[in-house]
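One letter stands for each residue in the lines below.
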Amino acid sequence: MIANKKARELFLKAVEEEQNGAVYEAIKYYKSAMQLVPDIEFKINYNRSPDPDRVGGSYLEENENEIDDLLAYFQQQLAVEHSSQKICEPEVETSQVHISALPMEVLMYIFRWVVSCDLDMRALEQLSLVCRGFYICARDPEIWHAACLRVWGRNCTKILPFTSWREMFLERPRVRYDGVYISKTSYIRQGEESLDGFYRKWHQVEYYRYLRFFPDGQVMMLTTPEEPLATVPRLRSRNTRMESILFGHYRLSQDTDNQTKVYVVVSKRKEEVGHRSRFCRRNPAPDSDRTFHVGLQLSSGGRQRFNKLVWIHHSCHITYRSTGETVITAFDLDKMYTPLFFARVKSYTAFSDRPL
């Protein structure tokens, strides 16, 4: 309740600053409000004025009545203020061509580049804070529908029970792509006895597990003693040449218990099996193929959404090429299988390779 109240105060302050022409101050307050309550614009009601002459003045009533639909309100304001189809106008006069001169189709194509093939919807939400016109464009149903299709494919043909494709993308459980899931495991291992038999060494072992998901269904998995500061930047591209990294695919599944599961199948790349070294002869290819099957339960923890993966299954499948026989070894999920927590990495979405 305290967070909602504070977010509401910040949002109303942002609206007031925007009406007074202090755009930069308004953006700052908008951001602060959305950090506290991401969907604060849907929880604040305004009182729409039917008088067009009041547009540009203070549209917040002193009795703090609320608006049901901010998107519809902005669309109404733009329709009254601009008889043309421009979504915005330059704040100051300029000799250069303003972005509002672009056709709507071109502008929406730019927005798809902002989202990119990596589904950087966070950047789209930040772009919506620029002005009312960008807010309307960032709520375009086609963009959010395309994002939902990239995540769930044929499993999102119906928008129900959600009210919009944007609400589905924000509320329906899914893995995140703008970072990496990391777990750290530590344990004490007994060492060998000394030659004189007076003492025995103990070793503290630490290692990390990394899981990086991509919107096209591919995944990278790595187990290494290297800390995240050195490892995370090297997981930005799926073309990385790191040793011991596993590549594969994943799928989301919602079981009857209403829990979302993530099933992963990974193995080493075939070109890395039986590779040729610069200083030695080609290593013989092994007579078996190994794949690892992982089951994880997706949940939310703290203030972040879908940021926790809990182990529910881990097994190794060895298929012998000579006989075609497959041997399955299931691992016991003991305390070594600590949950993986999501860490956002800004560099993963800093560049766009392809539009949405």
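Use the structure listed above.
Residues numbered from 1 in each chain as written. Predicted model: local features only at pLDDT ≥ 70, side-chain atom pairs only at ≥ 80, totals over all residues. Heavy atoms only, no water.

1. Focus: the overall build of the protein
Piece 1. Secondary structure summary: the protein contains 9 helices and 9 strands in total.
Piece 2. The proportion of buried residues among the 356 residues of the protein is 39%.
Piece 3. A separation of at least 24 residues holds for 53% of the contacts in the protein among residues at least 6 apart in sequence.
Piece 4. Working note: accessible area of the protein is about 21700 Å², and carbon and sulfur atoms make up 51% of it. (Helix = DSSP H or I, 4+ residues; strand = E, 2+ residues; numbered from the N terminus. Buried < 20%, exposed > 50% of the residue type's maximum accessible area, 1.4 Å probe, protein only. Contact = heavy atoms within 4.5 Å. Areas by Shrake-Rupley, 256 points an atom, 1.4 Å probe, with all protein chains shown as cover.)

2. Things to note about the side chain of T185
Piece 1. As for its placement among the helices and strands, T185 is situated in strand β1 (residues 179-193).
Piece 2. Its relative accessible area of 2% is what places T185 among the buried residues.
Piece 3. Among the polar contacts made by the side chain of T185, one reaches the main-chain carbonyl oxygen of M336 at a distance of 3.0 Å.
Piece 4. Setting aside anything within four residues of it in sequence, one finds T185 in contact with V205, E206, Y207, R209, M336 and T338. (Polar contact = N/O pair within 3.5 Å; in protein donor to acceptor, adjacent residues only side chain to side chain.)

3. A short note on the state of the cysteines
Piece 1. As enumerated under the stated definition, the model contains 0 disulfides in all.
Piece 2. Lacking any disulfide linkage, C137 is separated from the closest cysteine sulfur, that of C131, by 7.9 Å.
Piece 3. Residue C137 is classed as buried on the basis of its relative accessible area, which comes to 4%. (Disulfide = S-S within 2.5 Å.)

4. So, the nonpolar core
Side chains of a nonpolar character, in soluble globular proteins, are inclined to be buried together.
Piece 1. In terms of nonpolar packing, the biggest core is built from 49 residues, with F111, Y181, L211, F213, V262 and L309 touching the most fellow members.
Piece 2. Leave out the neighbours within four places in its chain, and L309 touches Y181, L211, F213, V262, L296, Q297, L298, P339 and L340.
Piece 3. Formed by 14 residues, the second largest nonpolar core is a distinct cluster that contains Y208, M220, F247 and Y348. (Core = buried A, V, L, I, M, F, W, Y, C linked by side-chain atoms within 4.5 Å.)

5. Points about the pattern of salt bridges
One side chain can pair with another of opposite charge once the charged atoms of both are near each other.
Piece 1. Across all of its chains, the model carries 11 salt bridges by this definition.
Piece 2. A salt bridge links R176 to D178, with the shortest nitrogen-to-oxygen separation between them at 3.5 Å. Each member of the pair, R176 together with D178, is buried.
Piece 3. A salt bridge links R321 to D289; the shortest N-O distance between them is 2.7 Å. Note that R321 is positioned in the loop between β7 (304-320) and β8 (326-330) and D289 in strand β6 (residues 288-301), a separation of 32 residues in sequence.
Piece 4. Looking at R321, the relative accessible area reads 48%, which means it is partly exposed. (Salt bridge = Lys/Arg side-chain N within 4 Å of Asp/Glu carboxyl O.)

6. Digging into unusual backbone geometry
Piece 1. Of note, the bond from L160 into P161 is cis; its omega dihedral lies within 30 degrees of zero at 10 degrees.
Piece 2. At S116, a residue that is not glycine, the phi angle is positive and equals roughly 65 degrees.
Piece 3. Summarising the element assignment, S116 is placed in the loop between α4 (104-115) and α5 (121-127).
Piece 4. Exposure remark for S116: the relative accessible area of 3% places this residue in the buried category.
Piece 5. For F306, which is not glycine, the phi dihedral falls at a positive 55 degrees.
Piece 6. Counting through the fold element by element, F306 comes out in strand β7.

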